[in-house]
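# Secondary and tertiary structure notes
Each chain is listed here by its residues.
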Amino acid sequence: MNVTMQSKKLLKPSIPTPTHLQKLNLSLLDQIQIPFYVGLIFHYETLSDNSHITLSKLESSLSETLTLYYHVAGRYNGTDCVIECNDQGIGYVETAFDVELHQFLLGEESNNLELLVGLSGFLSETETPPLAAIQLNMFKCGGLVIGAQFNHIIGDMFTMSTFMNSWAKACRVGIKEVAHPTFGLAPLMPSAKVLNIPPPPSLEGVKFVSKRFVFNENAITRLRKEATEEDGDVQKKKKRPSRVDLVTAFLSKTLIEMDCAKKEQTKSRPSLMVHMMNLRKRTKLPLENDVSVNFFTVVNVESKITVAPKITDLTESLGSARGEIISEVAKVDDAEVVSSMVLNSVREFYYEWGKGEKNVLVYTSWCRFPLYEVDFGWGIPSLVDTTAVPFRLIVLMDQGPTGDGIAVRACLSEHDMIQFQQHHQLLSYVS
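This is a predicted model, so every value here is computed, not measured.

### Some remarks on the overall build of the protein
For the protein, the count of helices and strands is 12 helices and 15 strands. For the protein, whose C-alpha radius of gyration is 22 Å, the value lies close to the compact-globule estimate of 22 Å for 431 residues. Structurally, the protein occupies a C-alpha span of about 60 × 50 × 40 Å along its principal axes. The buried share of the protein, taken over its 431 residues, is 55%. Relative to all contacts within the protein whose residues are 6 or more apart in sequence, the contacts with residues 24 or more apart total 79%. Of the roughly 19400 Å² of accessible surface on the protein, a fraction of 50% belongs to carbon and sulfur atoms. If you average the places of the 42 positive and of the 49 negative side-chain charges in the protein, the two averages end up 4 Å apart.

### Observations concerning the pairing of strand β14 (residues 393-398)
Across the 6 residues of β14, 6 count as buried, placing the element largely inside the fold. Across 3 bridges, strand β12 (residues 359-365) lies against β14 in parallel orientation. Residue pairing in the sheet places Thr-364 in a bridge with Val-395 of β14. Taken together, the 6 bridges between β14 and strand β15 (residues 406-413) define a ladder with antiparallel strand orientation.

### Let's talk about the confidence of the model for the protein
Keep in mind that low pLDDT regions are not for reading the predicted coordinates in detail. Here the protein averages 91 in pLDDT, while 94% of its residues score no lower than 70. Summarising per-element confidence for the protein, the mean pLDDT is lowest in helix α4 (residues 109-117) (79) and highest in β14 (98).

### Thoughts on the packing of helix α8 (residues 243-260) against helix α9 (residues 311-329)
Where α8 contacts α9, the axes come no closer than 8 Å and their chain directions differ by 125°. In terms of orientation, α8 and α9 fall into the oblique class. For α8 against α9, the interelement crossing comes out right-handed. Contacts between α8 and α9 involve Asp-245, Leu-246, Thr-248, Ala-249, Phe-250, Ser-252 and Lys-253 from the former and Ile-311, Leu-314, Thr-315, Leu-318, Gly-319 and Arg-322 from the latter. Residue composition of the contact of α8 with α9, by class: 6 nonpolar, 4 polar and 3 charged.

### What to know about the environment of Arg-282
Relative to the helices and strands, Arg-282 resides in the loop between β10 (271-278) and β11 (296-303). Each C-alpha atom of the pair Arg-282 and Leu-136 lies 36 Å from the other, and the pair is 146 residues apart in sequence. Residues within four places of Arg-282 in sequence aside, it is in contact with Met-277, Ile-326, Val-329 and Ala-330.

Cut-offs and rules
Residues numbered from 1 in each chain as written. Predicted model: local features only at pLDDT ≥ 70, side-chain atom pairs only at ≥ 80, totals over all residues. Heavy atoms only, no water. Helix = DSSP H or I, 4+ residues; strand = E, 2+ residues; numbered from the N terminus. Rg over C-alpha atoms; globule rule 2.2 N^0.38 Å. Buried < 20%, exposed > 50% of the residue type's maximum accessible area, 1.4 Å probe, protein only. Contact = heavy atoms within 4.5 Å. Areas by Shrake-Rupley, 256 points an atom, 1.4 Å probe, with all protein chains shown as cover. Lys, Arg positive; Asp, Glu negative; His and termini not counted. Charge placed at Lys NZ, Arg CZ, Asp CG, Glu CD. Pairing = 2+ DSSP bridges. pLDDT = per-residue confidence, 0-100. Axes fitted to C-alpha atoms, helices over the stretch in contact; angles between N-to-C directions. Parallel < 35°, antiparallel > 145°, perpendicular 65-115°, else oblique. Left-handed = near helix turned anticlockwise from the far one by under 90°. Nonpolar A, V, L, I, M, F, W, Y, C, P; charged D, E, K, R; others polar.

Pasting the structure below:
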């Protein structure tokens with residue numbers, strides 16, 4: 001297989017950013033993010049015959065979209081905790097693969113992910129790299145895969161999915177039809193000079209690998225039935241867990257059992273399940289519901305059950321912890337209180353993560369975000385995926401544009417992944 005890089009540039013907004021918008025203050029919730037890049041990969045199986053016009057339109061509409069999301073084309077200034085909206089641009093690459101898309105997907109998974117997003121080198125070549133990079137990958141069959149990477153400093157998955165849909169709409173019907181994003185959190189939650197948050201653990205020397213597992217609708221139905229039978233009549237009195245909580249609990253059960261089985265471990269240890277929760281529409285703060293920033297908190301759920309935990313116990317713990325936070329923030333109209341709540345949750349997470357005495361299991365769910373609505377004019381994607389990250393993380397996504405299946409992108413240490421992908425319970429549910 002040969003890959004040809006046909007174009008590589010820094011793509012700038014089509015219109016210069018006005019002087020009064022050239023400095024965007026970051027909020028406290030932006031400031032506490034680990035500044036790693038989040039990857040999104042959109043598969044489109046067939047395009048029109050004239051790919052040159054298609055690529056040209058994609059590029060021009062992206063440049064126009066950057067006039068609305070002008071901060072994405074800027075550079076992060078960590079000293080002042082601002083984004084310098086200086087129109088330096090985002091990484092932009094066009095490539096051509098000499099194989100058909102279905103042939104490419106038969107290759108080694110981790111290599112494929114890197115080829116689809118990381119050929120430019122933009123994100124590692126300079127001291128102040130772009131905050132985003134886009135790679136358009138054309139295949140012999142006429143298929144296109146769009147790889148996007150966003151620095152988490154600029155926003156959460158709500159923000160990233162909104163950006164992609166805005167770009168798609170600009171390409172499909174024109175930039176005038178695209179809604180302007182809002183960035184209203186920093187005045188309410190300004191950045192702090194001192195955060196007093198422990199640093200995340202050093203993972204130097206640990207090799208992480210990533211694999212995708214799919215729980216289709218039938219598997220989730222079977223999993224729900226097993227959980228019901230596991231708890232007998234007691235389960236009938238409990239609230240029916242969401243598919244996200246159900247799969248999270250099943251994966252946690254698997255990872256807890258793996259942790260207990262390690263030969264070098266002399267005693268069992270408790271676990272901490274960590275899940276991200278969107279805060280939009282949940283508080284009384286004077287904010288737009290579509291604010292394009294980081295606006296989420298972490299939900300920490302400790303499980304002291306160290307041997308053979310029940311799925312129902314784990315789902316109940318998750319639901320209870322999330323419900324408490326939802327109930328608390330729903331009463332709050334003071335941004336300082338919300339900031340304090342988020343900071344306390346993040347501190348607990350980082351403290352336990354760095355201490356290493358608990359089996360910390362980190363999840364994020366992108367289910368229901370409109371990733372499968374990103375339509376540039378030739379239809380919705382057949383598959384949306386994400387890339388590996390340099391730490392232990394499990395991402396839950398919709399399996400496809402329809403149905404209630406869940407695709408899991410697990411990023412684990414190489415040693416853990418060998419055990420995880422061979423676990424007998426996991427193999428009985430995933431495809």
